Amino acid sequence: SQTIHQWPATLVQPVGSPLSLECTVEGTSNPNLYWYRQAAGRGLQLLFYSVGIGQISSEVPQNLSASRPQDRQFILSSKKLLLSDSGFYLCAWSVGLAGGSEQYFGPGTRLTVT
Amino acid sequence: AQTVTQSQPEMSVQEAETVTLSCTYDTSENNYYLFWYKQPPSRQMILVIRQEAYKQQNATENRFSVNFQKAAKSFSLKISDSQLGDTAMYFCAFMKRPGANSKLTFGKGITLSVRP
């Protein structure tokens with residue numbers, strides 16, 4: 001069966017510091033991968049998605065970037081965090097190509113920028 | 001652009017009773033998917049149910065069922081025999097078509113509390 005991991009689970013970082021959040025998927029090949037952010041009490045906003053290694057599409061211009069160095073690894077980064085980057089970050093995957101429509105989510109990372 | 005509206009921020013239901021969560025959406029697409037996701041206090045997003053727009057029959061998953069009204073662009077979730085474990089935030093979501101670049105557009109969510 002497929003599983004999706006995210007780490008760290010919780011992170012507290014000062015303003016201006018760098019960020020690296022990691023997401024990995026097991027049990028599937030060539031998944032589509034997604035990064036979402038959830039602000040307090042709000043729905044989810046799609047930040048980035050990827051259909052393959054090195055292929056990244058950005059939905060919202062911002063202080064963040066994403067990379068996909070391996071088929072089942074998706075990384076969310078920032079060079080200098082802002083207070084507004086605080087939130088709950090969720091990684092998700094779906095079946096590649098025309099396989100299916102469901103997206104399956106990881107456990108998330110709670111980021112607090114101080 | 002697609003929008004998803006969940007106008008009720010909070011609801012409460014007695015254990016074992018039935019509750020309906022409302023959702024409306026706006027789109028010019030004819031082929032799309034609709035979803036309900038559950039986010040319990042652990043904050044893990046869990047897929048509850050999905051509906052294909054081209055299917056007239058309402059989707060059902062055990063105690064969860066939907067009332068899909070395509071013309072009215074309405075997609076409500078009915079939870080029967082509510083259980084304490086149903087306490088969570090529930091998000092309605094829209095996807096234009098299945099595929100890699102078909103993003104989920106979420107509503108703001110509704111907090112459901114099941115009372116013992």
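Use the structure listed above.
Residues numbered from 1 in each chain as written. Chains lettered and ligands numbered in written order. Predicted model: local features only at pLDDT ≥ 70, side-chain atom pairs only at ≥ 80, totals over all residues. Heavy atoms only, no water.

**Student:** Pulling in residues and values, what's your account of the sheet that holds strand β3 (residues 19–26) of chain A?
**Tutor:** Where strands meet in a sheet, backbone hydrogen bonds hold them as pairs that are either parallel or antiparallel. All names here are of chain A. Strand order in the open sheet made by the 4 strands is β1-β3-β8-β7, with antiparallel pairing throughout. Edge strands, defined here as strands with exactly one partner in the open sheet, are β1 (3–7) and β7 (65–70). On average, each strand axis in the sheet is inclined to that of its neighbour by 20°, with strand direction left out of account. With 5 bridges connecting them, β1 and β3 associate as antiparallel partners. When the bridges of β3 are listed, Ile4 appears paired with Val25. (Pairing = 2+ DSSP bridges. Helix = DSSP H or I, 4+ residues; strand = E, 2+ residues; numbered from the N terminus. Axes fitted to C-alpha atoms, helices over the stretch in contact; angles between N-to-C directions.)

**Student:** Explain the side chain of B:Asp86 residue by residue, including any values.
**Tutor:** All names here are of chain B. By secondary structure assignment, the location of Asp86 is in the loop between β9 (74–79) and β10 (88–95). There is a polar contact of 2.8 Å between the side chain of Asp86 and the side chain of Arg63. In contact with Asp86, not counting residues within four places along its chain, are Lys38, Arg63, Phe64, Ile79, Leu112 and Val114. (Polar contact = N/O pair within 3.5 Å; in protein donor to acceptor, adjacent residues only side chain to side chain. Contact = heavy atoms within 4.5 Å.)

**Student:** Give me the pairing of strand β5 (residues 33–39) of chain B: which residues, what numbers.
**Tutor:** All names here are of chain B. Summarising burial for β5: 7 of the 7 residues are buried, a large majority. Of the strand pairs in this sheet, β5 and strand β6 (residues 46–52) are connected by 6 bridges, and their pairing is antiparallel. By the bridge assignment, Lys38 is partnered in β6 with Ile46. Counting the residues in the hairpin turn of β5 and β6 gives 6 residues, including Arg43, whose phi is positive at 75°. Sheet analysis places β5 next to β10, joined by 7 bridges and oriented antiparallel. From the neighbouring strand, Tyr33 faces β10, where its bridge partner is Met95. (Buried < 20%, exposed > 50% of the residue type's maximum accessible area, 1.4 Å probe, protein only.)

**Student:** Any details on the state of the cysteines? Residues and values, ideally.
**Tutor:** All names here are of chain B. Throughout the structure, instances matching the rule amount to 2 disulfides over all chains. A sulfur-sulfur separation of 2.0 Å characterises the disulfide bridge that pairs Cys23 with Cys92. Sign of the S-S torsion, about -70° for the bond between Cys23 and Cys92, identifies this disulfide as left-handed. Residue Cys23 is located in the loop between β3 (19–21) and β4 (24–26), and its partner Cys92 is located in strand β10; the two are separated by 69 residues in the primary sequence. (Disulfide = S-S within 2.5 Å.)

**Student:** Any details on the pattern of salt bridges? Residues and values, ideally.
**Tutor:** Opposite charge on two side chains permits pairing when their charged atoms draw close. Evaluation of the coordinates by the stated rule reveals 8 salt bridges over all chains. We note a salt bridge from A:Arg68 to A:Asp71, for which the minimum N-O separation is 3.3 Å. The class for A:Arg68 is buried, based on a relative accessible area of 3%. One salt bridge connects B:Asp86 with B:Arg63, and the closest N-O pair in it is separated by 2.8 Å. Highlighted residues: B:Asp86 in the loop between β9 and β10 and B:Arg63 in the loop between β7 (60–61) and β8 (64–69), separated in sequence by 23 residues. Of the two residues, B:Asp86 and B:Arg63, neither departs from the other in class, the shared state being buried. When salt bridges that share partners are traced, they join A:Glu102, B:Arg50, B:Glu52 and B:Lys55 into one network. (Salt bridge = Lys/Arg side-chain N within 4 Å of Asp/Glu carboxyl O.)

**Student:** So, the pairing of strand β2 (residues 10–13) of chain A: which residues are in play, and what are the values?
**Tutor:** Two faces, one strand: in a regular strand the side chains alternate between the faces of the sheet. Residue and element names in this part refer to chain A. Of the two faces of β2, the one lined by Leu11 and Gln13 is fully buried and the one lined by Thr10 and Val12 carries no buried residue. Here β2 runs beside strand β11 (residues 109–113); their pairing, made up of 4 bridges, is parallel. Among the inter-strand pairings, Thr10 is bridged to a residue of β11, identified as Arg110.

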